[in-house]
Amino acid sequence: MEIFKYLLVALGSYLLGSVSLSIYMSRKMYGADVRSKGSGNAGATNMARVYGMSAGFLTLGADVLKAVISMGAGYLLLGDVGLSMGGICCIVGHCFPVFYGFKGGKGVSVGGALSLMLDWRVGLLVIACFLLGAFLSKKVSLGSVLGALAAGIGPFIFGVSGPRMVLGVVAMCIVVYRHRENIVRLIKGTEPDFKAAKRAKTKEN
């Protein structure tokens, strides 16, 4: 019976993570897959960059909700192990969605929610590092990488449980890996500043 709980948490969280509001919304409302525009990413940042802040915030909210549901359900079924498993499978699904050719977001929104669910102190550290890096540099990618590093280091600073430490480290590795091209551009000084679209574009014909 216990094995079915593990399977339910792992598979359910991955499939939920694979659901992408940004891809669905960009196709249905604006007539073009967001992954064909801007940075080619399906996350909240690219949605804001291409279709405006409202689209970005809607995407952010949906991504946060995925993590909260996955980790909350995992915790109820299997405690800290389930919470960690739910978070890991959700962010994997978000970055590599089975419904969209395994090409999704970079895990920043899900990772932020994941860090808050992991431990509120870790979450605040992640948010602070993200905001500091993003606002000072005007580059969301730098804030995202700094936030990811905080997600991996924070659990050790605050002494959370083993499964939660694993969650933080795995999330850090995934987000940093997904930003590998951004990191190269940051090092070269060619990473563009973030600039949101002023308003959502009309549906293309």
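Quick look at the structure, then. (Residues numbered from 1 in each chain as written. Predicted model: local features only at pLDDT ≥ 70, side-chain atom pairs only at ≥ 80, totals over all residues. Heavy atoms only, no water.)

**Comments concerning empty space enclosed by the protein**
For clarity, the threshold we go by: Both cavities and pockets are sets of points on a 1 Å grid over the protein atoms alone; in a cavity a 1.4 Å probe fits but cannot get out, in a pocket the set is open with protein on both sides within 12 Å along at least five of seven lines, and lining residues sit with an atom within 4 Å of a point. Grid points are joined across faces, edges and corners, and a volume is the space filled by probe spheres set on the points. Helix and strand assignments follow DSSP, with helices taken as H or I runs no shorter than four residues and strands as E runs no shorter than two, numbered in order from the N terminus. For this classification, the nonpolar set comprises Ala, Val, Leu, Ile, Met, Phe, Trp, Tyr, Cys and Pro, the charged set comprises Asp, Glu, Lys and Arg, and every other residue, Gly included, is treated as polar.
Applying the stated criterion to the full structure yields one cavity of 30 Å³ or more. The calculated volume of the largest cavity comes to roughly 40 Å³. As for the largest cavity, its lining consists of Gly-17, Ser-18, Val-19, Ser-20, Ala-42, Lys-66, His-94, Pro-97, Gly-104 and Gly-105. Breaking the lining of the largest cavity down by element, the ones donating at least two residues are helix H1 (2-18) and helix H4 (53-95). Here the lining of the largest cavity is composed, by residue class, of three nonpolar, six polar and one charged.

**A few points about helix H5 (residues 108-118)**
Convention followed: Here the term buried applies to any residue with accessible area under 20% of the maximum for its type, exposed to any over 50%, and partly exposed to those in between, with areas from a 1.4 Å probe on protein chains only. Whether two residues are in contact is decided by their heavy atoms, any of which lying within 4.5 Å being enough.
Within H5, eight of the eleven residues are buried, which leaves it mostly tucked inside the rest of the structure. If you check which residues of H5 are buried, you get Ser-109, Val-110, Gly-111, Gly-112, Ala-113, Leu-114, Ser-115 and Leu-118. The inward-facing, buried residues of H5 contact helix H3 (44-51), H4, helix H6 (120-137), helix H7 (140-158) and helix H8 (162-178).

**Notes on the packing of aromatic side chains**
Rule in force here: Each Phe, Tyr or Trp ring (for Trp, its six-membered ring) is paired with any other whose centre lies within 6.5 Å, and the angle between the two planes then decides the class: stacked below 30 degrees, edge-to-face above 60, tilted in between.
Across all of its chains, the model carries one aromatic pair by this definition. Centroid distance Tyr-30 to Tyr-51: 4.2 Å. Interplanar angle 10°. Geometry classified as stacked. Here Tyr-51 lies in helix H3 and Tyr-30 lies in helix H2 (residues 21-30), a separation of 21 residues in the sequence. For the pair formed by Tyr-30 and Tyr-51, the shared burial category is buried.

**Some words on the side chain of His-94**
If you trace the backbone, His-94 turns up in helix H4. Classification of His-94 as buried rests on a relative accessible area of 7%. Setting aside its immediate chain neighbours within four residues, His-94 contacts Gly-17, Ser-18, Asp-63, Lys-66, Gly-104, Gly-105, Lys-106, Gly-107 and Val-110.

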